[in-house]
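# Secondary and tertiary structure notes
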Amino acid sequence: MIVAFAEIAQATHIRAGEILARRLQGTENRYEIRLVAYTDTRSTVEIGAGVLEFGDGSPAIEGIDTDNLANFRTQLENDVAENIWIFEHTFPGPGTYTIRFREFNRNANVLNMANSVNTPFYIETTITIDPILGLNNTPILTVPPIDLAAVGARFTHNPGAYDPDGDSLSYSMVVPKQNLNLEVSNYRDPNAGEFGGTSEAGGATIFELDPITGELVWDAPGTAGQYNIAFIVEEWRKIDGEFVSIGYVTRDMQIIVQDTDNNRPELELPPDLCVEAGTNIIETIFASDPDGDSISLESYGGVYEQLSNPATFTFGPPQYMPSPAFGEFRWQTDGSHIREAPYAVHFRAIDDPPALRRPPLTDVQTWYITVVGPAPELNEVVLNEGGLGVNLDWELYEYQGGRQTVEVYRRNGSFEFEPEDCVTGIPEGSGYQLIGEVPVEETEFFDDLDGDRIPAGVTYCYRLVVRWPDTRGGESYASRELCVTGALDVPALTNVDIEVTDEANGEILVRWTPPYEIDQTLFPPPYFYALARANGAAGAAGLQTVMQPSQDTVFVDTGMNTRDQIYNYRVYLYDANQTLLDSSATASTVRLEPIPLQGAIILDWTALVPWSNTATQFPYHYIYRDNILPGEPEALVLIDSVNVLQTGFTYRDDGQLGEQTLSDELEYCYFVQTAGTYNIPQIPQSLLNKSQIVCAQPNDTIPPCAPIVAIDLQDIEDCRNFISNIPCGFNDFSNTLSWQKTGDGVCDEEVRSYNIYFSASGEEGTFAVIDNVSDTTYVHSGLSSFAGCYRISAIDRSGNESELSEPVCNDNCPRYLLPNLFTPNDDDVNETFIPFTDPERCPRFVESVEFTVYNRWGKEVFEYSSDGGENTIFINWDGRTTQGEELSSGVYYYVARVRFVRLRPEDSVEEIKGWVQVLR
């Protein structure tokens, strides 16, 4: 036992390490694998007997220190050597692979784990290879994982990680391992009580890793000795706006704590910086030492590894400079440096104390630099003749080659702003909408206005932003704003104002302007106007004329359900002969929705109108509520205003404005008045329009009643009649639902919408919401068949949902008819055996077919299945056996096992037996 122990104890050498992976140029799956390990030079055992696995099932490398592998060794201070091995490996294809390395043993006397001298050293790195994600390399850690600390002094360390692909990084602590999924024995964090110590401020010892910056802080070590810790550096790639984890590197590092009277030096960094690409950054970095010791400065980070214009940091010689010491940072940035994540530049100050105060101590700090794109130069925005589309052109963007796109934004009305430092893109809440994007090589864009003309009197304003792809991120400052205004040659709606809220007797005031800029030579006055109304916030559903041609420019629409419905209006323009000339853009009523909470009510409102309700001149919308006046609680009184440029079309009423919280026992009623403008001289500046009045009660949890549902096409004969009149191969079916309230006024009065649930099978637990509507009818279209079941729930104004209605179901009327004769005689007529294909007999709702043919003696001669490869339900039998031999003329018998698309699986399979004559 003594001899065996001596042999194992001699193998006490591995202190720290990590595995890095770099994809080789010109290949998809071939990588350079870099194994980095730090050893204790006091050991007589050479590293290299370990096992390296690539995680793809390929043979492991056992004994890595071989002649045909590049092996780099660097002798460092404090009995440490850096060892690097470089391998090339081709992975079998896309996938996620975990590369692992394990070797005996760790070095002896690590305090925060049990028996380190007999504990294997294990590290792993995970990479994702995916053509959709693009090129992927692991993060690179530029600061060595061996560091010195002093008892009683705050210790900081940063791995100096950067990602060559520009991916975002995060950091998290893990327990050091001795094998796959096997942690070292009895691991303790270095701030465990047994190691003593207090923070420099006199409190409990702190040991933490910043998940964003990677800064490791130990404030402060209490016991001298060696400590091992481990953490992962995880890389995240932004794909379609969402961050996805694509791999990580595990670093197992060692901190050597010594007793000393030395004090650490102190760095002085400039403030974090944001620059426009093309800026030449020149900064001086200072450090001082409280003991007056000389100082050495080092810097690490991805800025020094750039392929184009890498940064430089100049310090010395000599290696140490008297305190205060300084070094110069220089970086000429360019377009290749633009990205979303800031660059982390790590600085390290190391003092050089005399022998009595050794070891030397360090201060590590990080400086962040963000590089953004300059604004594109928008030259011109021109309205096409007749207002049909807008042409934009701009200068060719100066930075090319990064798969950037130019995004085009449009806003109704102007929104002037000067981008603040590092505030790129379009400001949130500014009202600009992304309408298109083109490759960065383009310099033009045509806004077709969705096939419509620019509304009369409406001003559309445009800005450009250059955006880099998700894999890198980053964007430019917004361009200057340029605008165009539609000619006021047709009427322009200015008001769609709800005057009375009622289920049957509501009133809406509609007002519009004359066509101020119409060519009166071509279209002589006087002008007449007709007003039309449609259901919904937009579109022409239920469109009807509510005012016949008249010279009036105002109309009150009465007898409306303004409580539950949204309406939109348009004005038709007629000349003196009452010939229709054109029509206005549409404008909708303002729709207000309450969301009750405990002790509060949130209000949300919308309106689809041609003018701007987010104008910088009139940013405030007004909130009215009852239960304000003591003697008149039913009166709706102005209680507040909302700056919609800052908060959007929403308001939270918690009663605090009136110093009286909302009661859960009271119902509160509201309306909102919007304010907008066309921002042209011919139309009054402030356009005020009211929503309907809505009421809600805080903390309302009582759901409404479930509706009663019906469905069309439940009769199988209706289904058969339908399919007999449509082409074969038709694949655009629909089901129409209708329902009614229960008739219980108390239960139904607060219903504001309905959830539509659908299930293809009707089985319990398979229903899912497919839509939410306010009407009591619904057409489920775009279906491949009629089969399916529905349930409806009612949603009240408090967001409470009723129980689901009883299911109602529809089924298919399948059909598959086969003929009794075909003539495979090469005359191109009736050559193959197929089902009937005329509309009155062609296959309907067929999923698959298994077809077997027998001769008169019952021997199988042909077999077919539509599930195989490119086979179809049409069989296309050519009168040959399965082996391809020609069958003679005669009568044959078949069995067709047909699987139909049916609601109930037990009804889906039908066996059809018959005969067919082969006639040659």
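Our structure's up above, just so we're on the same page.
The notes below deal with the structure included here. None of the values given here were measured: they were computed from a predicted structure.

On to the overall build of the protein. Of the regular secondary structure elements, the protein holds 4 helices and 62 strands. Relative to a compact globule of 920 residues, whose C-alpha radius of gyration would be 29 Å, the protein shows 38 Å and is clearly more extended. Considered along the principal axes of its C-alpha atoms, the protein spans approximately 105 × 95 × 60 Å. Taking all 920 residues of the protein together, the buried fraction comes to 50%. The contacts in the protein between residues at least 6 apart in sequence include a share of 69% that link residues at least 24 apart. Of the roughly 42100 Å² of accessible surface on the protein, a fraction of 48% belongs to carbon and sulfur atoms. Where the 55 positive side-chain charges of the protein centre and where its 139 negative ones centre are 6 Å apart.

Strands belonging to one sheet form pairs held by backbone hydrogen bonds; the direction of such a pair is parallel or antiparallel. Spatially, β35-β36-β39 is the arrangement adopted by the 3 strands of the open sheet, whose pairing is antiparallel. Pairing within the sheet leaves two strands with one partner each, and these edge strands are β35 (493-500) and β39 (554-560). Between one strand axis and the next, the sheet turns through 20° on average, direction left out of account.

This brings us to the layout of surface pockets. Each pocket or cavity is described by its volume, and for the largest pocket that value is around 1300 Å³. Asn137, Asp163, Pro164, Asp165 and Leu307 are, among the 50 residues lining the largest pocket, the residues nearest its centre. Of all the elements in the fold, those that place two or more residues in the lining of the largest pocket are β1 (14-23), β2 (30-40), β6 (80-90) and β9 (140-141). Here the lining of the largest pocket gets 5 residues from one element, more than from any other, and that element is β1. Taken together, the residues of the lining of the largest pocket break down into 19 nonpolar, 17 polar and 14 charged. Each pocket or cavity is described by its volume, and for the second largest pocket that value is around 1100 Å³. Every residue lining the second largest pocket is counted, 41 residues in all, and those nearest its centre are Asn412, Tyr460, Leu608, Val609 and Pro610. Secondary-structure elements contributing two or more residues to the lining of the second largest pocket are β30 (405-412), β31 (433-439), β41 (580-583) and α2 (644-647). When residues of the lining of the second largest pocket are assigned to their parent elements, the largest contribution, 3 residues, is made by β30. Here the lining of the second largest pocket is composed, by residue class, of 20 nonpolar, 13 polar and 8 charged.

Right, let's get into the sheet that holds strand β26 (residues 343-352). Strand order in this open sheet of 4 strands is β21-β27-β26-β23, and the pairing throughout is mixed. If you trace the sheet from one side to the other, it starts and ends with β21 (273-276) and β23 (294-300), each paired once. Neighbour to neighbour, the strand axes of the sheet diverge by 25° on average, direction disregarded. Summarising the sheet, β23 and β26 pair through 7 bridges and their orientation is antiparallel. Counted as the bridge partner of leucine 297 is alanine 349 from β26.

A separate point is the environment of aspartate 291. Note that aspartate 291 resides in the loop between β22 (280-288) and β23. A residue is classified by how much of its surface remains accessible, and aspartate 291, at 29% relative accessible area, is partly exposed. Between the C-alpha atom of aspartate 291 and that of alanine 192, which follows or precedes it by 99 residues, the distance is 30 Å. Not counting the four nearest positions on each side in its chain, aspartate 291 is found in contact with Asn262, Asn263 and Arg357.

Within strand β27 (residues 362-372), 10 of the 11 residues are buried, leaving the element largely enclosed by the surrounding structure. Direction of pairing for β21 relative to β27: parallel, over a ladder of 4 bridges. Bridge pairing in β27 links cysteine 274 to threonine 370. The pairing of β26 with β27 spans 8 bridges and is antiparallel. Within the sheet, the bridge partner assigned to alanine 344 lies in β27 and is tyrosine 368.

Bringing a nonpolar patch on the surface into the picture now. On the surface, Val891, Tyr893 and Trp915 cluster together to form a nonpolar patch covering roughly 280 Å² of accessible area. Looking at the secondary structure, you find tryptophan 915 in strand β62 (residues 909-918). Given a relative accessible area of 40%, tryptophan 915 falls into the partly exposed group.

So, on to the nonpolar core. One finds Phe329, Phe347, Leu392 and Trp605 to be the most contacted residues of the largest nonpolar core, which totals 94 residues. Not counting chain neighbours up to four residues away, the residues in contact with tryptophan 605 comprise Val590, Arg591, Leu592, His621, Ile623, Val642, Val644, Phe649, Thr650, Tyr651, Val672 and Thr674. Ranked by size, the runner-up nonpolar core spans 25 residues in total, among them Leu20, Phe207, Trp218 and Ile229.

So, on to a negative patch on the surface. Negative charge collects at one region of the surface, where Glu847, Glu850, Glu860, Glu863 and Asp867 lie side by side. Checked against the element boundaries, glutamate 847 lands in strand β59 (residues 846-854).

Close approach of charged atoms allows side chains with opposite charge to pair. Tallied over the entire structure, the rule returns 42 salt bridges. The partner of aspartate 40 in a salt bridge is arginine 42, with the nearest N and O atoms 2.7 Å apart. Take aspartate 40: its relative accessible area is 6%, and that puts it in the buried class. Classification of arginine 42 as exposed rests on a relative accessible area of 53%. Among the ionic pairs, aspartate 489 bridges to arginine 453, the shortest N-O distance being 2.7 Å. Here aspartate 489, found in the loop between β34 (482-485) and β35, pairs with arginine 453, found in the loop between β32 (444-447) and β33 (459-467); they are 36 residues apart in sequence, far enough to count as distant. Residues participating in the shared-partner salt-bridge network are Arg15, Asp40, Arg42 and Asp79.

Parameters and conventions
Residues numbered from 1 in each chain as written. Predicted model: local features only at pLDDT ≥ 70, side-chain atom pairs only at ≥ 80, totals over all residues. Heavy atoms only, no water. Helix = DSSP H or I, 4+ residues; strand = E, 2+ residues; numbered from the N terminus. Rg over C-alpha atoms; globule rule 2.2 N^0.38 Å. Buried < 20%, exposed > 50% of the residue type's maximum accessible area, 1.4 Å probe, protein only. Contact = heavy atoms within 4.5 Å. Areas by Shrake-Rupley, 256 points an atom, 1.4 Å probe, with all protein chains shown as cover. Lys, Arg positive; Asp, Glu negative; His and termini not counted. Charge placed at Lys NZ, Arg CZ, Asp CG, Glu CD. Pairing = 2+ DSSP bridges. Axes fitted to C-alpha atoms, helices over the stretch in contact; angles between N-to-C directions. 1 Å grid on protein atoms, 1.4 Å probe; cavity = no way out; pocket = protein on both sides within 12 Å on 5 of 7 lines; lining within 4 Å. Points joined across faces, edges and corners; volume = space filled by probe spheres on them. Nonpolar A, V, L, I, M, F, W, Y, C, P; charged D, E, K, R; others polar. Patch = residues over 30% accessible without salt bridge, like charges linked within 9 Å, V, L, I, M, F, W, Y side chains within 5 Å. Salt bridge = Lys/Arg side-chain N within 4 Å of Asp/Glu carboxyl O. Core = buried A, V, L, I, M, F, W, Y, C linked by side-chain atoms within 4.5 Å.

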